[in-house]
Amino acid sequence: MAKITFIEHNGSAHEVEASEGQTLMQAALDNAVPGIDADCGGSCACGTCHVIISPEWAEKIEAANDTETSMIDMTPEKQDHSRLACQVELNEAHDGLVVNLPEFQM
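Rules behind the numbers
- Residues numbered from 1 in each chain as written.
- Predicted model: local features only at pLDDT ≥ 70, side-chain atom pairs only at ≥ 80, totals over all residues.
- Heavy atoms only, no water.
- Pairing = 2+ DSSP bridges.
- Helix = DSSP H or I, 4+ residues; strand = E, 2+ residues; numbered from the N terminus.
- Axes fitted to C-alpha atoms, helices over the stretch in contact; angles between N-to-C directions.
- Salt bridge = Lys/Arg side-chain N within 4 Å of Asp/Glu carboxyl O.
- Core = buried A, V, L, I, M, F, W, Y, C linked by side-chain atoms within 4.5 Å.
- Buried < 20%, exposed > 50% of the residue type's maximum accessible area, 1.4 Å probe, protein only.

Undergrad: Could you clarify how one ought to interpret the sheet that holds strand S2 (residues 13-18) in this entry?
TA: Within a sheet, each strand pairs with its neighbour through backbone hydrogen bonds, oriented either parallel or antiparallel. Taking strand neighbours across the sheet as the criterion, the five strands line up as S2-S1-S5-S3-S4 in an open arrangement whose pairing is mixed. At either margin of the open sheet sits one strand with a lone partner, and together these are S2 and strand S4 (82-84). Across the sheet, the mean angle separating the axes of adjacent strands is 35° when strand polarity is ignored. Here three bridges tie strand S1 (residues 2-7) to strand S5 (residues 98-100), and the two strands are oriented parallel to one another.

Undergrad: Please clarify how the pairing of S1 should be interpreted in this entry.
TA: Side-chain positions along a regular strand alternate between the two faces of the sheet. Of the strand pairs in this sheet, S1 and S2 are connected by six bridges, and their pairing is antiparallel. When the bridges of S2 are listed, Phe 6 appears paired with His 14. The turn joining S1 and S2, which pair antiparallel and follow one another in sequence, is formed by five residues; a positive phi near 100° is taken by Gly 11.

Undergrad: What's the story with the pattern of salt bridges in this structure? I'm lost.
TA: Opposite charge on two side chains allows them to pair when their charged atoms are near. Taken as a whole, this structure holds four salt bridges when the rule is applied. Two residues, Glu 15 and Lys 3, come together in a salt bridge whose shortest N-O distance is 3.9 Å. A residue pair is termed long-range when its members are at least 10 positions apart, and Glu 15 in strand S2 and Lys 3 in strand S1 qualify at twelve residues. The salt bridge partner of Lys 78 is Asp 73, with a shortest N-O separation of 2.7 Å.

Undergrad: What is the right way to read the nonpolar core from this model?
TA: Across soluble globular proteins, nonpolar side chains show a tendency to be buried alongside one another. Within the largest apolar cluster, 28 residues are counted, with the highest numbers of intra-cluster contacts made by Ile 4, Phe 6, Leu 24 and Leu 97. Elements with a contribution of two residues or more to this core: S1, S2, helix H1 (24-30), strand S3 (50-53) and helix H2 (66-73). Residue contributions to this core peak at four residues, all from H1.

Following this line, the structure appears as structure tokens:
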């Protein structure tokens, strides 16, 4: 188990527990975190699960592949540590991870 904190654009924080192997997107959906639309269901095809990984965690998350990078490049609120939550698989090393949500999803 890992505790993950999702911070909405307005500053509201949502701490959730995620299981080993679960994606950030699924952890958010399972816990009704607002701001994760996940229109494509996690197939890296829409960009509606855009999150910004807190800088102190950026190197602890596996790098994005080319498909994810292409989707993120189309995101209007792209930042240095932007990721698609459907592509970030969690494990116990991610306990305490903090991610920020953009104001809008694509």
